[in-house]
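Observations on the model geometry
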2 protein chains.
Amino acid sequence: MAGQPVTELQLRQELDRRFEGYLQELLEFLRIPSVSAGDERRGDVKRAAEWVARRLAAAGLEQVEVLPTGGHPVVFAQRLRGRRPVVLWYGHFDTQPPDPEQAWEHPPFEPHVREGRVYARGASDDKGNMLAPILAMELWLALAGDLPVDVKCLFEGQEEIGSPQLPELVARERQRLACDLVVSADGGQLSEQIPSLTVASRGLCALEVEVRGPASDLHSGLHGGAVANPIHALCQLIASLHGPDGRVRVAGFYDRVRPLSGQERALLAEVPFDEEAYRRQVGAVQLFGEEGYTTLERLGARPTVEVNGIQGGFQGEGIKTVLPSRARAKLTSRLVADQEPEEILELLRRHLEQHAPPGVQVQVRPLGGKARPYLIPHDHWGNRVAARVLEQLFGRRPVFTRTGGTVPVYELFLRHLGAYTVTFGFGLPDENIHAPNEFFRLASFRRAILGHALLLGALADQGG
Amino acid sequence: MAGQPVTELQLRQELDRRFEGYLQELLEFLRIPSVSAGDERRGDVKRAAEWVARRLAAAGLEQVEVLPTGGHPVVFAQRLRGRRPVVLWYGHFDTQPPDPEQAWEHPPFEPHVREGRVYARGASDDKGNMLAPILAMELWLALAGDLPVDVKCLFEGQEEIGSPQLPELVARERQRLACDLVVSADGGQLSEQIPSLTVASRGLCALEVEVRGPASDLHSGLHGGAVANPIHALCQLIASLHGPDGRVRVAGFYDRVRPLSGQERALLAEVPFDEEAYRRQVGAVQLFGEEGYTTLERLGARPTVEVNGIQGGFQGEGIKTVLPSRARAKLTSRLVADQEPEEILELLRRHLEQHAPPGVQVQVRPLGGKARPYLIPHDHWGNRVAARVLEQLFGRRPVFTRTGGTVPVYELFLRHLGAYTVTFGFGLPDENIHAPNEFFRLASFRRAILGHALLLGALADQGG
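As the structure is a computational prediction, the values presented were derived from the model and not from experiment.

1. Some details on the overall build of chain A
Helix and strand content of chain A: 14 helices and 18 strands. A compact globule built from 464 residues should have a C-alpha radius of gyration of about 23 Å, and chain A, at 25 Å, falls within 12% of that. Dimensions of chain A, computed from the C-alpha atoms along their principal axes, are close to 85 × 50 × 45 Å. Considering only residue pairs separated by 6 or more positions, chain A has 80% of its internal contacts joining residues 24 or more positions apart. Split by element, the accessible area of chain A, about 17,500 Å² in all, is 47% carbon and sulfur.

Written out as structure tokens, the structure is:
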């Protein structure tokens, strides 16, 4: 470890002195309506990138650069002194759209502080979280004149639209981005009391299946019973995808799925989770999923095939006695390690074609949006360091969670940089991200800054 | 039989003398744009009713009356002399809309005679056919001074919109409409060479099924695998309705279905039908239906359950990873004798509710449009008489066909008047009914008038 040794007390005191100023900076950051969806706010996303670049430079980062991507930009910075490990911080400065805007109590891009919370679009996801490591680095540089590890930063402006240009950028810039570990400042903790580290996210592949029957819509009286109905055929196909036990019945689908070890099941069982509260939250009459697995296992460690949309025939009010010409459905599959999107697409295509009922033609078309699953060993050194810091912050050890959603960027870093990503965000589940009245707790903002500062030191102790 | 005996030769000669005048009257009738759909042509439908009433009176019918229905009117007339049988003629003077009007070679309500055909909306369906029995009665009254049987007429102005007020009218006027037989002047023959009598039409009932899962749309990544997907559940329900053998798997569904006798199958087998031409016509890769039945049996003598429309979740382009809150489908069942629409609706409701997969709620809502199936014994005396007349006209015996469609009015007459309906129309399959450039052959118009005239005499010989 280089520079002056810095204690937790020093960091806390320095943060206390600067906190009001940091909050004002967060509010300034939040005033930039950097909505990445659509074209309207393109200039504001760019403005947010420039704001981030300036702030990185002001904090003491070097070689700060706004990288063009062909879409919304990405900000890079680094401070390298030949130390180990080299750690890449990741986050994003774009936001979800504020719609429906009339549901906000205060305008979404006019941040409003009340009762220890700052309300604004992007407050939690991800500007508050993303700003924290920059400020943590500034604290270190102020107190010790240096950073305890070599640092790189990659903050992007297109996360909320699926980071369309990021894969190409990461592949192209793999030299510049090379690192031993990624720390993601995008994400959250289980609750104010219970810290957590996310160790897995699911991959994704998508397809559309179209069933074609007669050449045009027919009268269901004059032809019904003699000509196969593509809606029936499509429903039979979809019904064939699952067994009554909730398992996917596509041949080979589970072949590459890593079975949950006893330890992994024990770790998931430690995550506080109220099944009945979850059932009430989603509003289902009962929960349903693959037999032999708990809800958290189903969500975090088991793959799915899900129909996201179906349509065929008459959609209006009343009846229209049509035997439709075609029917179609959109399917996505959420993947877990070590399933491959391309391979699963092929298995699904084969299943759907082979199960085509008589009298119809089945056409399968893969859709974009492929992503590999991500899984970091819970005892990876990065997780061990992060867990110690979270224990310092929360007074208890973190639980290891898995998200059912898809975070393509982690797998991207693993594939191109060979580096695992540790999730180190401080959002909380009630903060209305992607919804009206998004907010971030000032306590979380403070905890995030201190957390990243402690992590910098702890990573240096680790040595990589 | 009363009045002067009249021979076929006399009828033919009298028709020849009058035919040019009758054609001019048909053209006048066709110039009234009596479109029953929508409100625009309400006055024209009334004008057509008045035209029909005047023509009935001019022909020598008595107690001619335009009956109000609350919707489009109905024209009634009779000529009773205490003879048997009492025969009620049925037909309709309303037409389909002419859309798309620009596809017509001549304006749809400016009839155009060319190469032995009269082109106009309603020429075949049903004005040309409906006018024929009135003119046939006139021929008899001119030649014999009387009609050989007691006659009633019921011509309606709302057939093309499903005769919404007719059931109530027939029920209310059952005394006035009382008869031994109904002759429907709406319908057609198999070809110019092959006469046919339609002995069956299928009934109908309809329902909507909605499957409800979570209270609102969920993210399919964050929740997929733990919450039942209503599209999956709906598809399972729909798949459960049929076996791979094409049979409906709803308990009790076939209980009241009259099995086809050997003779009925033989009669259907006599109907000229080219399976391969039919397959090409509908444009399916192969025909598919209930095992053990021919295509004509499937269409005419076997009931169906058909999904007419399905929708759920995301319908747009690309992907949206939604686990939808609900999905729904519209189903119709085509019924054959002696299935009851209400009972089948109840069986379907029970099946759908009992097969509800775990985690969702199933709601079944019956839709309007119930109709009973209709079946007249092929050897009913009315059919025997009509068959003899058709043999006179075509030089060969008719085949007995069944339509897969629904003609609620025949069952209505059977239920309220206790009288079967004999189909005696002279439309041909290529006449573009319900489409642009509808036409009627002058030869068919002449054959129709002569046919109804011969039928009047033949029914008198029968005596009821």
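2. Points about helix α14 (residues 442-462) of chain A
Residues three or four positions apart in an α-helix share a direction because the helix packs 3.6 residues into each turn. Taking 1.5 Å as the rise per residue, α14 of chain A with 21 residues should run 30 Å; its terminal C-alpha atoms sit 30 Å apart, in good agreement. The element α14 of chain A is extensively covered by neighbouring structure, given that 16 of its 21 residues are classed as buried.

3. A look at the relation of the copies chain B and chain A
With an RMSD of 0.4 Å, the operation that places chain B on chain A is a rotation of 179° combined with a shift of 0.4 Å along the axis. Viewed as a symmetry operation, the transformation between the two copies matches a two-fold axis. Mapped onto chain A, 100% of the interface residues of chain B are again interface residues, and the two copies thus contact each other with one and the same surface.

4. Considerations on the environment of A269 of chain A
By secondary structure assignment, the location of A269 of chain A is in helix α8 (residues 262-270). For A269 of chain A, a relative accessible area of 64% translates into the label exposed.

5. What to know about the nonpolar core
Formed by 99 residues in total, the largest nonpolar core has its most connected members in V52, W89, F93 and I449 of chain A. Once residues lying within four places of it in the same chain are set aside, the contact partners of V52 of chain A are F29, V75, F93, M130, I134 and F155 of chain A.

6. Comments concerning the interface of chain B and chain A
With 74 residues of chain B at the interface, the matching set in chain A holds 74 residues. For the pairing of chain B and chain A, the buried interface totals around 5,500 Å² over both sides, and the portion due to carbon and sulfur atoms is 57%. The tally of links between chain B and chain A comes to 0 salt bridges. When the residues that make up the side of chain B that touches chain A are grouped by side-chain class, the tally is 31 nonpolar, 34 polar and 9 charged.

7. Quick word on the sheet that holds strand β6 (residues 150-156) of chain B
Remark on secondary structure: sheet strands pair via backbone hydrogen bonds, oriented parallel or antiparallel. Residues and elements named next belong to chain B. With respect to topology, 6 strands assemble into an open sheet ordered β1-β2-β6-β3-β7-β17, the strand pairing being mixed. Edge strands, defined here as strands with exactly one partner in the open sheet, are β1 (62-67) and β17 (421-423). The sheet shows a mean angle of 20° between the axes of neighbouring strands, direction not considered. Across 4 bridges, the pairing between strand β3 (residues 86-92) and strand β7 (residues 181-184) is parallel. Each residue of the ladder has a partner; that of L88, found in β7, is V182. Contacting β2 (74-79), β3 and β6, helix α3 (residues 123-144) runs over the sheet at an angle of about 145° to β3. Against the sheet, helix α14 (residues 442-462) engages β3, β6 and β7, with an angle of about 160° to β3.

8. As for the pairing of strand β1 (residues 62-67) of chain A
Within a regular strand, side chains alternate between the sheet's two faces. Residue and element names in this part refer to chain A. Where β1 meets strand β2 (residues 74-79), 4 bridges bridge the pair, whose relative direction is antiparallel. Pairing of E62 across the sheet is with Q78, part of β2. What sits between the antiparallel neighbours β1 and β2 is a turn of 6 residues, in which G70 has the positive phi angle 95°.

9. Remarks on the sheet that holds strand β18 (residues 439-441) of chain B
All names here are of chain B. Spatially, 3 strands are ordered β4-β5-β18 in an open sheet, and the strand pairing comes out antiparallel. Of all the strands in the sheet, the pair left with one neighbour each is β4 (112-114) and β18. Pairwise comparison of adjacent strand axes, ignoring direction, gives a mean angle of 25° for this sheet. Here β4 runs beside strand β5 (residues 117-119); their pairing, made up of 3 bridges, is antiparallel. In the sheet register, R114 faces β5, and the bridge partner there is R117. Taken strand by strand, α14 contacts β4, β5 and β18, and its axis lies near 60° from that of β18.

10. Here we look at the packing of aromatic side chains
Residues and elements named next belong to chain A. A complete count under the given rule lists 20 aromatic pairs over all chains for this structure. Relative to Y420, the ring of Y374 lies with its centre 6.3 Å away and its plane at 55°, an arrangement referred to as tilted. Highlighted residues: Y374 in strand β15 (residues 374-375) and Y420 in the loop between α13 (408-417) and β17 (421-423), separated in sequence by 46 residues. Residue Y374 is classed as buried on the basis of its relative accessible area, which comes to 3%. Linked through ring pairs, F19, F440 and F445 together constitute an aromatic cluster. The residue whose ring lies beneath K127 is F29, and the NZ or CZ to ring-centre distance is 5.2 Å.

11. Structural notes on the pattern of salt bridges
Enumeration over the complete set of coordinates arrives at 88 salt bridges over all chains. Of the charged contacts, one joins D180 of chain B and R84 of chain B as a salt bridge, the two residues approaching to 2.5 Å between their closest N and O atoms. Residue D180 of chain B is found in the loop between α5 (174-177) and β7, and its partner R84 of chain B is found in the loop between β2 and β3; the two are separated by 96 residues along the sequence. Look at D180 of chain B and you get partly exposed, because its relative accessible area is 23%. In this structure, E264 of chain B and R402 of chain B form a salt bridge, with 3.3 Å as the shortest nitrogen-oxygen distance. Here E264 of chain B, found in helix α8 (residues 262-269), pairs with R402 of chain B, found in strand β16 (residues 399-403); they are 138 residues apart in sequence, far enough to count as distant. Through salt bridges with shared partners, one network takes in E14, R17, R18, E25, R55 and E138 of chain A.

12. Concerning the state of the cysteines
Tallied over the full model, the rule gives 0 disulfides over all chains. Of all cysteine sulfurs in the structure, the one in C235 of chain B sits closest to C205 of chain A, which takes part in no disulfide; the separation is 18 Å. Looking at the unpaired C179 of chain B, the closest cysteine sulfur is the one in C153 of chain B, lying at 11 Å. Here C179 of chain B falls in the buried class, since its relative accessible area comes to 11%.

13. What to know about unusual backbone geometry
Glycine aside, negative phi is the norm for most residues, and most peptide bonds take the trans geometry. Residue and element names in this part refer to chain A. A cis amide bond, omega -10°, links R84 with the succeeding residue P85. Relative to the helices and strands, P85 is located in the loop between β2 and β3 (86-92). Positive phi, close to 55°, is recorded for N432, a residue that is not glycine. Note on placement: N432 falls in the loop between β17 and β18 (439-441). Residue N432 is classed as partly exposed on the basis of its relative accessible area of 31%.

14. Considerations on the environment of L135 of chain A
Residues and elements named next belong to chain A. Mapped onto the elements, L135 comes out in helix α3 (residues 123-144). With relative accessibility at 0%, the residue L135 sits in the buried group. Separated by 281 residues in sequence, L135 and H416 have C-alpha atoms that sit 28 Å apart. Contacts of L135, omitting those with residues within four sequence positions, involve Y22, E25, R55, F445 and I449.

15. Details of the packing of α3 of chain B against α14 of chain B
All names here are of chain B. Where α3 contacts α14, the axes come no closer than 8 Å and their chain directions differ by 50°. Judged by the angle between their axes, α3 and α14 are oblique. Here α3 and α14 pass one another in a crossing that is right-handed. Here α3 contributes G128, N129, L131, A132, P133, L135, A136, M137, L139 and W140 to the contact with α14, which in turn contributes F445, A448, I449, H452, A453, L456 and G457.

16. Details of the side chain of R402 of chain B
By relative accessible area, R402 of chain B is classed as buried at 17%. Every residue in contact with R402 of chain B, bar those within four places of it in the chain, is listed here: T198, V199, A200, L260, E264, L268, G300, A301 and L375 of chain B.

17. Quick notes on the packing of helix α1 (residues 8-30) of chain B against α14 of chain B
Two quantities define a packed helix pair, namely the angle between the helix axes and the distance between the axes. Residue and element names in this part refer to chain B. At their nearest, the axes of α1 and α14 sit 10 Å apart, and the two run at 130° to each other. Taken as axis vectors, α1 and α14 run oblique relative to one another. Of the two elements, α1 crosses α14, and the hand of that crossing is right-handed. From α1, E8, L11, R12, L15, D16, F19, Y22, L23 and L26 reach across to α14, where they touch L442, F445, R446, I449, L450, A453 and L454. Classifying every residue of the contact of α1 with α14 by side-chain character gives 12 nonpolar, no polar and 4 charged.

18. A look at the side chain of R334 of chain B
Mapped onto the fold, R334 of chain B is located in strand β13 (residues 326-335). Polar contacts involving the side chain of R334 of chain B include one to the side chain of T321 of chain A, which spans 3.4 Å. Polar contacts involving the side chain of R334 of chain B include one to the side chain of T406 of chain B, which spans 2.7 Å.

Rules used throughout
- Residues numbered from 1 in each chain as written.
- Chains lettered and ligands numbered in written order.
- Predicted model: local features only at pLDDT ≥ 70, side-chain atom pairs only at ≥ 80, totals over all residues.
- Heavy atoms only, no water.
- Helix = DSSP H or I, 4+ residues; strand = E, 2+ residues; numbered from the N terminus.
- Rg over C-alpha atoms; globule rule 2.2 N^0.38 Å.
- Contact = heavy atoms within 4.5 Å.
- Areas by Shrake-Rupley, 256 points an atom, 1.4 Å probe, with all protein chains shown as cover.
- Expected span 1.5 Å × (residues − 1).
- Buried < 20%, exposed > 50% of the residue type's maximum accessible area, 1.4 Å probe, protein only.
- Least-squares fit on C-alpha atoms with pLDDT ≥ 70 in both.
- Core = buried A, V, L, I, M, F, W, Y, C linked by side-chain atoms within 4.5 Å.
- Buried area = accessible area lost by both parts, 1.4 Å probe.
- Salt bridge = Lys/Arg side-chain N within 4 Å of Asp/Glu carboxyl O.
- Nonpolar A, V, L, I, M, F, W, Y, C, P; charged D, E, K, R; others polar.
- Pairing = 2+ DSSP bridges.
- Axes fitted to C-alpha atoms, helices over the stretch in contact; angles between N-to-C directions.
- Phe/Tyr/Trp six-rings, centres within 6.5 Å; stacked < 30°, edge-to-face > 60°.
- Lys NZ or Arg CZ within 6 Å of the ring centre and 35° of its normal.
- Disulfide = S-S within 2.5 Å.
- Parallel < 35°, antiparallel > 145°, perpendicular 65-115°, else oblique.
- Left-handed = near helix turned anticlockwise from the far one by under 90°.
- Polar contact = N/O pair within 3.5 Å; in protein donor to acceptor, adjacent residues only side chain to side chain.

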